[in-house]
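Notes for the structure review
Residues per chain are reported as follows:
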Amino acid sequence: MFSAGDAAMLRFDNAPKKSTNLSLNSKVLEAARDMGMNISQTVDELLAAEVQRRYWERWNSTNQEAIAAYNARIESEGLPLAQYRSF
């Protein structure tokens with residue numbers, strides 16, 4: 001679904017809104033309205049956070065082999081330019 005170039009897609013600010021229909025628990029919806037919550041904004045923020053979480057979870061899974069290889073190389077060869085570090 002996502003490719004390497006899609007990380008920029010994870011920026012959701014200033015995107016146009018699109019109407020949709022949701023089925024929500026009626027008691028939760030009523031409580032949220034009683035609290036004065038903006039349902040659309042809340043669902044939008046929570047959905048964006050979940051999309052980002054799942055994107056990075058998938059990215060880590062897809063790149064697990066490369067990450068392990070990189071870590072093994074650093075373990076055996078050390079950090080590049082480590083001799084120039086002052087800390």
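In this report, we go over the structure that sits alongside the text. (Residues numbered from 1 in each chain as written. Predicted model: local features only at pLDDT ≥ 70, side-chain atom pairs only at ≥ 80, totals over all residues. Heavy atoms only, no water.)

**Quick look at the pattern of salt bridges**
As enumerated under the stated definition, the model contains six salt bridges in all. Two residues, Arg11 and Asp13, come together in a salt bridge whose shortest N-O distance is 2.8 Å. Here Glu50 and Arg53 are joined by a salt bridge, their closest N and O atoms 2.7 Å apart. A residue pair is termed a helical-turn pair when its members lie 3 or 4 positions apart in one helix, as Glu50 and Arg53 do in helix H2 (residues 39-62) at three residues. (Salt bridge = Lys/Arg side-chain N within 4 Å of Asp/Glu carboxyl O. Helix = DSSP H or I, 4+ residues; strand = E, 2+ residues; numbered from the N terminus.)

**As for a nonpolar patch on the surface**
Taken together, the side chains of Trp56, Trp59 and Ile67 make up a nonpolar region of the molecular surface, amounting to roughly 270 Å² of accessible area. Residue placement: Trp56 occurs in helix H2. Classification of Trp56 by relative accessible area gives partly exposed; the value is 39%. (Patch = residues over 30% accessible without salt bridge, like charges linked within 9 Å, V, L, I, M, F, W, Y side chains within 5 Å. Areas by Shrake-Rupley, 256 points an atom, 1.4 Å probe, with all protein chains shown as cover. Buried < 20%, exposed > 50% of the residue type's maximum accessible area, 1.4 Å probe, protein only.)

**Observations concerning H2**
Look at H2: 34 Å from first C-alpha to last across 24 residues, which is about the 34 Å you get at 1.5 Å a residue. Between a side-chain oxygen at the N-terminus of H2 and the backbone nitrogen of Ser40 the separation is 3.2 Å; the capping residue is Asn38. (Expected span 1.5 Å × (residues − 1). Polar contact = N/O pair within 3.5 Å; in protein donor to acceptor, adjacent residues only side chain to side chain.)

Fair warning: the whole summary comes from geometry, so function is off the table for now.
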